[in-house]
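# An overview of the molecular structure
So you can see what is in the structure, the chains are spelled out below.
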Amino acid sequence: MPSHAGGEALARPRAARIVAFERLSDRHVAFEVADPHLARTKAGQFAMLWIPGVDEVPMGVSTVDPERGTAWFLVLEVGDCTRAMGRLKAGDRIGVRGPYGRPFAVPKAAKTLLVGGGTGTAPLLAAVDEVHATGGTATVVPGARTKDLLVWLDRFEAAADAVHPCTDDGSLGHHGFTTGKTEELLATGAFDLVLTCGPEIMMVKVAEAARRHGVPCQVSVERWMKCGVGVCGSCVMGDGVRACVEGPCIPAEVAERLPDWGHYHRGPDGNKMPLH
Ligand SMILES: Cc1cc2nc3c(=O)[nH]c(=O)nc-3n(C[C@H](O)[C@H](O)[C@H](O)COP(=O)(O)OP(=O)(O)OC[C@H]3O[C@@H](n4cnc5c(N)ncnc54)[C@H](O)[C@@H]3O)c2cc1C
Ligand code: FES
(Lines give C-alpha, C1' and ligand atoms only; values in the text may rest on other atoms or scores of the structure.)
(Ligands and ions follow the chains in the order given, each with its own letter.)
Protein backbone atom coordinates (compact mmCIF):
# COMPACT_ATOMS: atom_id res chain seq x y z
CA MET A 1 0.00 0.00 0.00
CA PRO A 2 1.40 3.48 -0.82
CA SER A 3 2.36 5.69 2.13
CA HIS A 4 0.53 8.92 2.89
CA ALA A 5 3.07 10.01 5.52
CA GLY A 6 4.44 12.85 3.40
CA GLY A 7 8.04 13.94 2.91
CA GLU A 8 10.64 15.14 5.35
CA ALA A 9 9.19 18.66 5.42
CA LEU A 10 5.96 17.27 6.86
CA ALA A 11 7.84 15.30 9.53
CA ARG A 12 9.19 18.48 11.17
CA PRO A 13 7.06 20.47 13.64
CA ARG A 14 5.86 23.84 12.36
CA ALA A 15 4.62 26.72 14.51
CA ALA A 16 1.06 27.48 13.40
CA ARG A 17 -1.25 30.30 14.52
CA ILE A 18 -4.64 29.62 16.11
CA VAL A 19 -7.00 31.91 14.18
CA ALA A 20 -10.29 30.95 15.85
CA PHE A 21 -11.17 29.20 19.10
CA GLU A 22 -14.57 28.03 20.36
CA ARG A 23 -15.67 26.33 23.57
CA LEU A 24 -18.46 23.92 22.64
CA SER A 25 -19.14 22.21 25.99
CA ASP A 26 -17.58 21.81 29.44
CA ARG A 27 -15.04 19.43 27.91
CA HIS A 28 -15.07 20.13 24.15
CA VAL A 29 -13.18 22.84 22.32
CA ALA A 30 -12.68 23.49 18.62
CA PHE A 31 -9.97 25.59 17.05
CA GLU A 32 -8.90 26.66 13.60
CA VAL A 33 -5.19 26.50 12.76
CA ALA A 34 -3.55 28.42 9.91
CA ASP A 35 -1.20 26.06 8.08
CA PRO A 36 -0.99 25.53 4.31
CA HIS A 37 -0.12 21.81 4.63
CA LEU A 38 -2.96 21.00 7.04
CA ALA A 39 -5.33 22.96 4.78
CA ARG A 40 -4.73 20.24 2.15
CA THR A 41 -5.66 17.38 4.50
CA LYS A 42 -7.90 14.70 3.01
CA ALA A 43 -10.90 13.46 4.98
CA GLY A 44 -9.84 10.98 7.68
CA GLN A 45 -6.18 12.03 7.98
CA PHE A 46 -4.68 13.28 11.23
CA ALA A 47 -2.01 15.67 12.51
CA MET A 48 0.40 15.55 15.44
CA LEU A 49 -0.24 18.59 17.68
CA TRP A 50 2.48 19.71 20.09
CA ILE A 51 2.05 21.84 23.17
CA PRO A 52 5.65 22.64 24.23
CA GLY A 53 6.41 21.44 27.74
CA VAL A 54 3.31 19.21 27.82
CA ASP A 55 3.10 16.58 25.07
CA GLU A 56 2.59 15.89 21.38
CA VAL A 57 -0.56 13.90 20.54
CA PRO A 58 -2.42 12.71 17.41
CA MET A 59 -5.57 14.60 16.50
CA GLY A 60 -7.93 13.99 13.59
CA VAL A 61 -8.42 16.94 11.25
CA SER A 62 -12.13 17.72 11.36
CA THR A 63 -12.47 19.88 8.30
CA VAL A 64 -10.38 22.24 6.19
CA ASP A 65 -10.78 25.59 4.48
CA PRO A 66 -8.28 25.58 1.57
CA GLU A 67 -9.10 29.21 0.66
CA ARG A 68 -8.27 30.46 4.16
CA GLY A 69 -5.39 27.97 4.40
CA THR A 70 -6.74 26.54 7.65
CA ALA A 71 -7.78 23.30 9.36
CA TRP A 72 -10.22 22.74 12.26
CA PHE A 73 -9.71 20.39 15.19
CA LEU A 74 -12.35 19.29 17.67
CA VAL A 75 -10.87 18.21 21.00
CA LEU A 76 -12.28 16.42 24.04
CA GLU A 77 -10.34 17.32 27.16
CA VAL A 78 -9.23 14.04 28.75
CA GLY A 79 -5.71 14.66 30.10
CA ASP A 80 -2.79 17.10 30.32
CA CYS A 81 -2.29 17.82 26.62
CA THR A 82 -5.94 18.12 25.62
CA ARG A 83 -6.65 20.26 28.70
CA ALA A 84 -3.75 22.53 27.65
CA MET A 85 -5.41 22.76 24.21
CA GLY A 86 -8.59 23.81 26.03
CA ARG A 87 -6.70 26.83 27.38
CA LEU A 88 -5.52 28.03 23.95
CA LYS A 89 -6.87 31.26 22.51
CA ALA A 90 -6.91 32.96 19.11
CA GLY A 91 -3.47 34.37 18.36
CA ASP A 92 -1.55 31.59 20.21
CA ARG A 93 0.79 29.26 18.36
CA ILE A 94 0.80 25.48 18.41
CA GLY A 95 3.29 22.95 16.99
CA VAL A 96 1.91 20.91 14.10
CA ARG A 97 3.13 18.00 11.96
CA GLY A 98 1.31 16.30 9.14
CA PRO A 99 -1.19 15.69 7.65
CA TYR A 100 -0.52 11.98 8.10
CA GLY A 101 -2.15 8.66 7.43
CA ARG A 102 -4.48 7.08 4.95
CA PRO A 103 -7.67 9.05 4.27
CA PHE A 104 -11.09 7.57 3.61
CA ALA A 105 -11.27 6.29 0.01
CA VAL A 106 -14.44 7.83 -1.38
CA PRO A 107 -15.56 6.36 -4.73
CA LYS A 108 -17.54 8.42 -7.25
CA ALA A 109 -21.25 9.09 -6.59
CA ALA A 110 -21.50 6.90 -3.49
CA LYS A 111 -24.72 6.90 -1.47
CA THR A 112 -22.83 7.16 1.79
CA LEU A 113 -23.83 6.48 5.38
CA LEU A 114 -21.41 8.15 7.82
CA VAL A 115 -21.58 6.89 11.41
CA GLY A 116 -19.74 8.77 14.16
CA GLY A 117 -19.44 8.42 17.92
CA GLY A 118 -18.24 11.16 20.30
CA THR A 119 -15.37 13.26 18.94
CA GLY A 120 -14.98 10.59 16.24
CA THR A 121 -17.87 12.31 14.52
CA ALA A 122 -15.77 15.40 13.79
CA PRO A 123 -13.62 14.07 10.89
CA LEU A 124 -16.80 12.96 9.17
CA LEU A 125 -17.50 16.64 8.43
CA ALA A 126 -14.63 16.66 5.92
CA ALA A 127 -15.85 13.30 4.59
CA VAL A 128 -19.29 14.81 3.89
CA ASP A 129 -17.62 17.48 1.73
CA GLU A 130 -15.56 14.85 -0.07
CA VAL A 131 -18.61 12.67 -0.75
CA HIS A 132 -20.39 15.70 -2.24
CA ALA A 133 -17.31 16.63 -4.31
CA THR A 134 -17.39 13.17 -5.91
CA GLY A 135 -21.11 13.47 -6.74
CA GLY A 136 -22.42 11.31 -3.88
CA THR A 137 -24.94 11.80 -1.09
CA ALA A 138 -24.15 11.94 2.63
CA THR A 139 -26.40 10.73 5.44
CA VAL A 140 -24.86 11.20 8.87
CA VAL A 141 -25.59 9.31 12.10
CA PRO A 142 -23.81 11.19 14.92
CA GLY A 143 -24.02 9.72 18.42
CA ALA A 144 -23.22 10.81 21.95
CA ARG A 145 -24.24 9.94 25.50
CA THR A 146 -26.42 13.05 25.85
CA LYS A 147 -27.48 16.04 23.72
CA ASP A 148 -24.92 18.42 25.31
CA LEU A 149 -22.16 16.16 23.97
CA LEU A 150 -23.57 16.12 20.42
CA VAL A 151 -21.34 18.93 19.30
CA TRP A 152 -21.36 20.50 15.80
CA LEU A 153 -24.82 19.18 15.00
CA ASP A 154 -25.56 22.52 13.33
CA ARG A 155 -22.53 22.13 11.05
CA PHE A 156 -23.57 18.61 10.07
CA GLU A 157 -27.16 19.72 9.42
CA ALA A 158 -25.85 22.51 7.16
CA ALA A 159 -23.47 20.20 5.26
CA ALA A 160 -25.17 16.78 4.94
CA ASP A 161 -28.21 15.57 2.98
CA ALA A 162 -29.73 14.04 6.12
CA VAL A 163 -28.71 13.80 9.78
CA HIS A 164 -30.05 11.26 12.30
CA PRO A 165 -28.67 12.21 15.74
CA CYS A 166 -28.65 9.52 18.44
CA THR A 167 -28.29 9.90 22.20
CA ASP A 168 -27.87 7.09 24.72
CA ASP A 169 -30.27 8.86 27.14
CA GLY A 170 -32.82 9.91 24.51
CA SER A 171 -32.32 13.65 25.21
CA LEU A 172 -32.15 14.33 21.42
CA GLY A 173 -33.01 12.34 18.30
CA HIS A 174 -33.02 8.54 18.27
CA HIS A 175 -33.01 7.10 21.82
CA GLY A 176 -30.22 4.54 21.70
CA PHE A 177 -26.89 3.77 20.09
CA THR A 178 -25.83 4.76 16.57
CA THR A 179 -25.58 1.04 15.80
CA GLY A 180 -29.37 0.57 16.09
CA LYS A 181 -30.05 3.53 13.77
CA THR A 182 -27.35 2.25 11.37
CA GLU A 183 -29.03 -1.16 11.18
CA GLU A 184 -32.40 0.50 10.49
CA LEU A 185 -30.99 2.74 7.73
CA LEU A 186 -28.99 -0.04 6.06
CA ALA A 187 -32.14 -2.19 5.98
CA THR A 188 -33.70 0.36 3.57
CA GLY A 189 -31.13 -0.68 0.94
CA ALA A 190 -30.46 3.00 0.17
CA PHE A 191 -26.69 2.96 0.77
CA ASP A 192 -23.65 1.62 -1.05
CA LEU A 193 -20.87 2.83 1.28
CA VAL A 194 -20.41 3.14 5.06
CA LEU A 195 -17.69 5.29 6.68
CA THR A 196 -17.32 5.17 10.45
CA CYS A 197 -15.17 6.87 13.09
CA GLY A 198 -15.54 6.66 16.86
CA PRO A 199 -15.14 4.19 19.73
CA GLU A 200 -13.84 0.88 18.41
CA ILE A 201 -16.67 -1.10 20.04
CA MET A 202 -19.13 0.99 18.01
CA MET A 203 -17.17 0.59 14.77
CA VAL A 204 -17.01 -3.20 15.24
CA LYS A 205 -20.83 -3.31 15.32
CA VAL A 206 -21.23 -0.85 12.44
CA ALA A 207 -18.85 -2.95 10.33
CA GLU A 208 -20.77 -6.13 11.19
CA ALA A 209 -24.07 -4.48 10.19
CA ALA A 210 -22.55 -3.27 6.91
CA ARG A 211 -21.29 -6.79 6.14
CA ARG A 212 -24.72 -8.31 6.86
CA HIS A 213 -26.26 -5.86 4.38
CA GLY A 214 -23.52 -6.36 1.78
CA VAL A 215 -22.31 -2.74 1.93
CA PRO A 216 -18.54 -1.95 1.86
CA CYS A 217 -17.36 -0.23 5.04
CA GLN A 218 -14.26 1.72 6.04
CA VAL A 219 -13.29 2.24 9.70
CA SER A 220 -10.90 4.73 11.31
CA VAL A 221 -8.57 3.04 13.80
CA GLU A 222 -6.93 4.76 16.78
CA ARG A 223 -3.79 3.39 18.38
CA TRP A 224 -1.06 4.91 20.57
CA MET A 225 1.00 7.14 18.27
CA LYS A 226 4.42 8.65 18.83
CA CYS A 227 6.15 9.35 15.52
CA GLY A 228 3.04 9.42 13.32
CA VAL A 229 5.14 8.49 10.28
CA GLY A 230 5.55 4.72 10.50
CA VAL A 231 8.99 4.52 12.15
CA CYS A 232 8.54 3.76 15.87
CA GLY A 233 6.11 0.83 15.72
CA SER A 234 4.01 2.17 18.60
CA CYS A 235 0.74 2.01 16.67
CA VAL A 236 1.17 -1.43 15.04
CA MET A 237 -1.89 -3.69 14.91
CA GLY A 238 -1.71 -7.42 14.24
CA ASP A 239 1.51 -8.42 12.52
CA GLY A 240 2.37 -5.07 11.00
CA VAL A 241 -0.50 -2.76 10.09
CA ARG A 242 0.65 0.68 11.28
CA ALA A 243 -2.38 2.76 12.25
CA CYS A 244 -0.46 5.93 11.35
CA VAL A 245 0.51 4.87 7.80
CA GLU A 246 -1.66 1.96 6.58
CA GLY A 247 -4.43 3.60 8.66
CA PRO A 248 -6.13 5.31 10.24
CA CYS A 249 -8.79 4.68 7.56
CA ILE A 250 -8.86 1.02 6.47
CA PRO A 251 -11.43 -1.29 4.91
CA ALA A 252 -13.44 -3.05 7.63
CA GLU A 253 -12.48 -6.48 6.25
CA VAL A 254 -8.79 -5.62 6.81
CA ALA A 255 -9.48 -4.50 10.41
CA GLU A 256 -11.53 -7.64 11.05
CA ARG A 257 -8.53 -9.84 10.19
CA LEU A 258 -6.40 -8.18 12.92
CA PRO A 259 -6.38 -10.00 16.28
CA ASP A 260 -6.48 -6.76 18.29
CA TRP A 261 -9.47 -5.26 16.43
CA GLY A 262 -12.33 -4.97 18.91
CA HIS A 263 -10.30 -6.55 21.72
CA TYR A 264 -7.23 -4.60 22.84
CA HIS A 265 -4.80 -1.79 22.13
CA ARG A 266 -1.33 -1.06 23.44
CA GLY A 267 -0.32 1.62 25.93
CA PRO A 268 2.76 3.87 25.73
CA ASP A 269 5.00 1.03 26.97
CA GLY A 270 3.65 -1.44 24.40
CA ASN A 271 1.67 -3.49 26.94
CA LYS A 272 -1.76 -4.78 25.89
CA MET A 273 -4.71 -2.88 27.37
CA PRO A 274 -8.37 -3.89 26.98
CA LEU A 275 -10.51 -1.53 24.89
CA HIS A 276 -12.69 0.75 26.99
C1 LIG B 1 -5.58 9.02 14.73
C2 LIG B 1 -6.13 9.66 15.99
C3 LIG B 1 -7.05 10.70 15.88
C4 LIG B 1 -7.57 11.31 17.03
N5 LIG B 1 -8.46 12.33 16.87
C6 LIG B 1 -8.97 12.95 17.96
C7 LIG B 1 -9.88 14.05 17.80
O8 LIG B 1 -10.25 14.46 16.68
N9 LIG B 1 -10.32 14.66 18.94
C10 LIG B 1 -9.94 14.24 20.19
O11 LIG B 1 -10.39 14.84 21.18
N12 LIG B 1 -9.09 13.20 20.36
C13 LIG B 1 -8.59 12.55 19.28
N14 LIG B 1 -7.70 11.51 19.44
C15 LIG B 1 -7.33 11.09 20.80
C16 LIG B 1 -6.24 12.02 21.36
O17 LIG B 1 -5.00 11.72 20.70
C18 LIG B 1 -6.09 11.78 22.88
O19 LIG B 1 -7.28 12.20 23.52
C20 LIG B 1 -4.93 12.56 23.45
O21 LIG B 1 -3.74 11.98 23.02
C22 LIG B 1 -4.99 12.59 24.96
O23 LIG B 1 -3.82 13.20 25.46
P24 LIG B 1 -3.83 13.87 26.93
O25 LIG B 1 -2.43 14.26 27.30
O26 LIG B 1 -4.84 14.95 27.00
O27 LIG B 1 -4.36 12.71 27.87
P28 LIG B 1 -3.59 11.49 28.54
O29 LIG B 1 -3.99 11.49 29.97
O30 LIG B 1 -2.13 11.50 28.18
O31 LIG B 1 -4.24 10.26 27.78
C32 LIG B 1 -5.62 9.98 27.86
C33 LIG B 1 -5.93 8.90 26.85
O34 LIG B 1 -5.73 9.44 25.53
C35 LIG B 1 -5.13 8.46 24.68
N36 LIG B 1 -3.78 8.92 24.27
C37 LIG B 1 -2.89 9.65 25.00
N38 LIG B 1 -1.76 9.88 24.28
C39 LIG B 1 -1.94 9.27 23.09
C40 LIG B 1 -1.13 9.09 21.93
N41 LIG B 1 0.11 9.61 21.84
N42 LIG B 1 -1.65 8.38 20.90
C43 LIG B 1 -2.90 7.85 20.95
N44 LIG B 1 -3.71 7.96 22.02
C45 LIG B 1 -3.23 8.65 23.08
C46 LIG B 1 -5.07 7.17 25.48
O47 LIG B 1 -6.28 6.46 25.28
C48 LIG B 1 -5.01 7.67 26.89
O49 LIG B 1 -5.48 6.71 27.82
C50 LIG B 1 -7.17 10.86 18.32
C51 LIG B 1 -6.26 9.80 18.43
C52 LIG B 1 -5.75 9.19 17.29
C53 LIG B 1 -4.77 8.05 17.43
S1 FES C 1 3.14 6.13 15.50
FE2 FES C 1 2.82 4.66 13.94
S3 FES C 1 4.82 3.80 13.65
FE4 FES C 1 5.18 5.44 15.08
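None of the values given here were measured: they were computed from a predicted structure.

### Points about unusual backbone geometry
Between Gly 98 and the following residue, Pro 99, the backbone shows a cis peptide bond with an omega angle of 15 degrees. Residue placement: Pro 99 occurs in strand 7 (residues 93-100). Omega for the bond connecting Gly 247 with Pro 248 falls within 30 degrees of zero, at 5 degrees, which places this linkage in the cis form. With respect to the secondary-structure elements, Pro 248 resides in the loop between strand 16 (241-242) and strand 17 (249-251). Unlike most non-glycine residues, Ala 109 shows phi in positive territory, near 55 degrees. By the element assignment, Ala 109 lies in the loop between strand 7 and strand 8 (111-117).

### Considerations on the site of ligand 1
Around ligand 1 sit 20 residues in total, of which Val 57, Gly 60, Gly 79, Cys 81 and Thr 82 are the nearest. Of all elements in the fold, only strand 4 (55-60), strand 6 (70-76) and helix 2 (80-86) reach the threshold of two or more residues within the shell around ligand 1. When residues of the shell around ligand 1 are assigned to their parent elements, the largest contribution, five residues, is made by strand 4. Here the residues of the shell around ligand 1 are counted per class, giving 13 nonpolar, four polar and three charged. Two domains share the shell around ligand 1, each providing at least three of its residues, namely domain 1 (8-100) and domain 2 (111-274).

### What to know about the pairing of strand 14 (residues 217-220)
Of the two faces of strand 14, both are covered, the one formed by Cys 217 and Val 219 as well as the one formed by Gln 218 and Ser 220. The pairing of strand 13 (residues 193-197) with strand 14 spans four bridges and is classified as parallel. Bridge pairing in strand 14 links Val 194 to Cys 217. Inspection of the sheet shows strand 14 paired to strand 17 by three bridges, in the antiparallel sense. Bridging from a neighbouring strand, Val 219 pairs with Ile 250 of strand 17.

### A word on the packing of helix 5 (residues 178-186) against helix 6 (residues 200-212)
Running from N to C, helix 5 and helix 6 point in directions that differ by 15 degrees, and their axes come no closer than 10 Å. As the angle between them shows, helix 5 and helix 6 are arranged roughly parallel. Two packed elements cross with a definite hand, and for helix 5 against helix 6 that hand is right-handed. Where helix 5 approaches helix 6, its residues Thr 178, Thr 179, Thr 182, Glu 183 and Leu 186 are matched on the opposing element by Met 202, Lys 205, Val 206, Ala 209 and Ala 210.

### As for the pairing of strand 8
Most of strand 8 is tucked away, with six of its seven residues classed as buried. Crossover handedness for the path strand 8 to helix 3 (residues 124-133) to strand 9 (residues 137-144): right-handed. As defined by bridge partners, strand 8 adjoins strand 13 across five bridges and the pair is classed as parallel. From the neighbouring strand, Val 115 faces strand 13, where its bridge partner is Thr 196.

### Some remarks on the sheet that holds strand 5 (residues 63-65)
Within a sheet, adjacent strands bond to each other through the backbone by hydrogen bonds, running parallel or antiparallel. Strand order in the open sheet made by the seven strands is 4-3-7-1-2-6-5, with antiparallel pairing throughout. Each edge of the open sheet carries a strand with a single partner, namely strand 4 and strand 5. Each strand of the sheet is rotated relative to its neighbour by a mean of 35 degrees, with strand direction disregarded. Examined bridge by bridge, strand 1 (residues 14-23) and strand 2 (residues 28-34) share six bridges and lie antiparallel to one another. Paired with Arg 23 across the bridge in strand 2 is Val 29.

### Regarding the domain arrangement of the chain
By a widely used convention, the size of an interface equals the accessible area lost when the partners come together. Per the domain assignment, the segments making up the chain are domain 1 (8-100) and domain 2 (111-274). On a C-alpha basis, the centroid separation for the pair domain 1 and domain 2 is 20 Å. Facing the 19 residues of domain 1 at the interface are 20 residues of domain 2. Residue assignment for the side of domain 1 that touches domain 2 shows that the elements contributing at least two residues are strand 3 (46-51), strand 4, strand 5, strand 6 and strand 7. Examining the composition of the side of domain 1 that touches domain 2, we find that three residues originate from one element, strand 7, more than from any other.

What counts and how
- Sequence order sets the numbering: in each chain, residues are counted from 1 along the sequence as written.
- The naming scheme follows written order: chains are lettered A onward, ligands numbered 1 onward.
- Residue-level local features of this predicted model are given only where pLDDT is at least 70; pairs of side-chain atoms are given and counted only at 80 or more, and the full residue set underlies all totals for whole chains, interfaces and linings.
- Strands here are runs of E lasting at least two residues and helices are runs of H or I lasting at least four, both read from the DSSP assignment and numbered beginning at the N terminus.
- As used in this record, a residue near a molecule or strand is one whose C-beta atom, placed from the backbone, is within 6 Å of it.
- Only Asp, Glu, Lys and Arg are considered charged in this grouping, and only Ala, Val, Leu, Ile, Met, Phe, Trp, Tyr, Cys and Pro are considered nonpolar; every other residue, Gly among them, is considered polar.
- What fixes the domain bounds is an automatic or database domain assignment.
- Any residue whose C-beta has 12 or fewer other C-beta atoms within 10 Å is treated as exposed, any with 20 or more as buried, and any in between as partly exposed, C-beta atoms being built from the backbone.
- Strand pairing follows a simple DSSP-based rule, namely that at least 2 bridges must link the two strands.
- Each axis is a line fitted through C-alpha atoms, and for a helix only the stretch in contact is used; angles between axes span 0 to 180 degrees, taken between their N-to-C directions.
- The scheme is simple: roughly parallel for angles under 35 degrees, roughly antiparallel for over 145, roughly perpendicular for 65 to 115, oblique for anything else.
- Handedness of a crossing is defined here by the sense of rotation of the near helix relative to the far one, left-handed for an anticlockwise turn of less than a right angle and right-handed for a clockwise turn.
- Any two residues are considered in contact once their C-beta atoms, placed from the backbone, lie within 7 Å.
- If you view a crossover with the strands going away from you and the path from the first strand over the helix to the second runs clockwise, you call it right-handed.

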